[in-house]
Every structure is written in structure tokens, then in C-alpha cells.
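Residue strings, one per chain:
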There are 2 protein chains.
Amino acid sequence: MTERTHLPASGIAEKLARGDVFSEACPSRQILQHITSRWGVLVLVALSGGTHRFAELRRKVSGVSEKMLAQTLRALETDGLVDRTAFPVVPPHVEYSLTPLGREAAIRVEALVDWIEDNLDDLQAARAEAEPAAVL
Amino acid sequence: MTERTHLPASGIAEKLARGDVFSEACPSRQILQHITSRWGVLVLVALSGGTHRFAELRRKVSGVSEKMLAQTLRALETDGLVDRTAFPVVPPHVEYSLTPLGREAAIRVEALVDWIEDNLDDLQAARAEAEPAAVL
DNA sequence: GTTCATACTTACCTTTTTGTAGGTACTTTC
DNA sequence: GAAAGTACCTACAAAAAGGTAAGTATGAAC
């Protein structure tokens, strides 16, 4: 009954510990949610195209508000995926980029996004058909 | 100023149309959100392990309520990613599986999830460090 | 004939997320 | 000296997501 989530028992186990998103209590769930959040995905993809300033990101990720962009960036920074570099000048100049860990994550996220973009037509066609189903 | 989102102009363009998640109006945004939704990710990964019944999914995806599981499955079915097969028996018997399109999507989602699970320790370590940063 | 089981749906309520509008600090431009 | 520009933060309000508990249908088991 006792499910292992991410509780290293001792010694070697600590180094081999692996997350399990199916477990509610596993911290991987939270990281997954940050990465797959509405704006998190788009920010990661945008940053995988290179360093961006705050205002640049806002323009690129159409529809995001300042508040949500700031919040998303902070979450990704806290997870160690995004690097924030502030230059002490006026007006303020801040650059955002991916950390090595962030680049790894972004590769996977981009693969998904690219697939969706490439298969949009199929996806939309499937949606049109899928509606009047239900055998029972 | 006029950004192309997913508005096929004519002829060949229709076949070459490609989504752009950075555009607010592009329908790829919605599909992306279904796939990367809190429970959508987990359902796709679960189903990539094979056909499941409703109750099986509920048990596997710990923490999901009946309502959300049903809602998530319906959204994925509508997008043409999940296939629902209902057998007209009593008590009801319904099987969920991935469509070919769903399998493609699930591969990408799983890649991300696996990466997170594999690198949980690094991610958590990075989080611990990333807090007292800020150069300015 | 009451209970049980499955796969849901629905109503109602709470929590979380997101948006809006305004403010801040400081310097350069007009 | 008023306005503009950057990168935010904060309070408030609205919208969306999520949870809980109950109900539905049907036939088989008791």
C-alpha cells in the first residue's frame, strides 16, 4: 500500500531516486506543471531561440500580460531552468536565457510544440470527425 | 502588422499551413493547452502504456477526480487523440486508448515527463540554489 | 426487492489562475 | 519641468479550473 514517491531511503537509493508523476505527492508534479503551464511552454520555446529581454518576450508571446510573464519567469528561474541577468543601468536592462537544464527541458517542449504546429491540419480534421461518435 | 496565424489563403497554402503557437489566435494554442493540461499530460502518458478502462485510469493517475478525468478524456477524444470504445453491456464497460495521432503526441509528452523524472534530483538542487540570486 | 457495480453527469461551492489598472524608480529627451 | 522608457510589483476583480457529493441506468447477485 505504501507507494514510493520520491523518498530516498538510504545510501545508494538517494542517487538513484527517480520521480514518478503518477504519484500525487511527488515533487515532479509541480515541476511538470511549471513547465507545461500556459505561458511556461511558450516562454521556454521563445528562450530556446536565444536570450531575450522582458519586453521582447512580451511581444513574442502574444497575449501574455506583464504580470503573468513576470510570474512565469520567476517560477522557471526558481526551478533552475531560466537564468536572469540584470544590468544595473537606467533604464533597467534585464536579460533572460535558458540554463543548461532549461535547454534540456526546452528541447522536449519544442518537440511537442513543433509536432502540434506541423500537424495542425490533421488535428483539426480529427476534431471535426470525432464529435458524433459514441457507439453506446 | 497583419500576422499570419492559421488562415489558409488559397490553393497550395492550404496544404502547407502550419500553426504558430506564438499567435494568440492560432488554434494550435488550444490543442497545446489540452495536451499540456494538468491531467491531460498524465492521461496521455498512462494511455501510452496501453488501453485502460475509466476506473483503471483513475487509479493510475492519482489525485484526479471522476469529473476531471471524464472532462479530460472528452477533450482529448474531441481533439482526435484518444479513442473511446464503449461495450453495450451491464455494468458498463468502456475502453480508452490512443489514436495514431494520440500516440504521436504521447511520445513527445512522455519524453518530457521521463526527462523530468530522471532529472528530479538536479532540478530540486537547482531550485535550492536559484533562490538567493539577483545581481542587481 | 434491495444491494452492488460501472461509467459517467450534474449542481454547487472553493480554489487557483489570470487580467486590469495603477504605481515605482531613475534618467534621458524635449 | 513634463513626458517617456524599462522592468517590474501590488491590489482588486473576474474567470477558469477543480473538488465533493449526489444522482442515473441497467441487470445480476443475494
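Going by the structure above, here's the rest.
Remember, it's a predicted structure, so these values are computed and weren't measured experimentally.

Turning our eyes to something else, we now look at empty space enclosed by the protein. Taken as a whole, this structure holds 1 cavity of 30 Å³ or more when the rule is applied. Counted as a void, the largest cavity has a volume near 60 Å³. Those elements that provide at least two residues to the lining of the largest cavity are α3 (38-47) of chain A together with α2 (28-35) of chain B. Residue contributions to the lining of the largest cavity peak at 4 residues, all from α3 of chain A. Partitioning the lining of the largest cavity into residue classes produces 4 nonpolar, 4 polar and 2 charged.

The amide bond that connects Val 90 of chain A to the next residue, Pro 91 of chain A, takes the cis arrangement and shows omega of 0°. Within the secondary structure layout, Pro 91 of chain A lies in the loop between β2 (82-87) and β3 (93-98).

Attention shifts here to the interface of chain A and chain B. Often, the extent of an interface is quoted as the loss of accessible area on bringing the components together. If you look at the interface, chain A gives 63 residues, while chain B gives 64 residues. Buried surface at the junction of chain A and chain B, both sides included, amounts to about 5,600 Å², of which 65% is carbon and sulfur. The largest per-residue losses of area from chain A upon contact with chain B belong to Phe 22, Trp 115 and Glu 117 of chain A, which jointly make up 13% of the total buried on that side. The interface formed by chain A and chain B holds 6 salt bridges in total. Residue Glu 117 of chain B is joined to Arg 18 of chain A by a salt bridge in which the shortest nitrogen-to-oxygen separation is 2.7 Å. The tally of links from chain A across to chain B stands at 16 residue pairs in polar contact (both at pLDDT 80 or more).

Quick look at the protein's contact with DNA strand C now. Near DNA strand C you find 20 residues, and of these Lys 67 of chain A together with Glu 66, Arg 84, Pro 92 and Tyr 96 of chain B are the closest. Sugar plus phosphate, as a fraction of atoms of DNA strand C within 4 Å of the protein: 63%. Lys 67 of chain A has a polar side-chain atom sitting 2.3 Å from a base oxygen of DNA strand C. One of the side-chain nitrogen or oxygen atoms of Arg 84 of chain B is found 2.6 Å away from a phosphate oxygen of DNA strand C. Elements with a minimum of two residues in the surface near DNA strand C: α3 and α5 (66-78) of chain A together with α4 (54-60), α5 (66-78) and β3 (93-98) of chain B. For the surface near DNA strand C, the element with the highest residue contribution is α5 of chain B, accounting for 4 residues. For the surface near DNA strand C, the class distribution of residues is 10 nonpolar, 3 polar and 7 charged.

Cut-off values and rules
- Residues numbered from 1 in each chain as written.
- Chains lettered and ligands numbered in written order.
- Predicted model: local features only at pLDDT ≥ 70, side-chain atom pairs only at ≥ 80, totals over all residues.
- Heavy atoms only, no water.
- 1 Å grid on protein atoms, 1.4 Å probe; cavity = no way out; pocket = protein on both sides within 12 Å on 5 of 7 lines; lining within 4 Å.
- Points joined across faces, edges and corners; volume = space filled by probe spheres on them.
- Helix = DSSP H or I, 4+ residues; strand = E, 2+ residues; numbered from the N terminus.
- Nonpolar A, V, L, I, M, F, W, Y, C, P; charged D, E, K, R; others polar.
- Contact = heavy atoms within 4.5 Å.
- Buried area = accessible area lost by both parts, 1.4 Å probe.
- Salt bridge = Lys/Arg side-chain N within 4 Å of Asp/Glu carboxyl O.
- Polar contact = N/O pair within 3.5 Å; in protein donor to acceptor, adjacent residues only side chain to side chain.
- Near = heavy atom within 4 Å.

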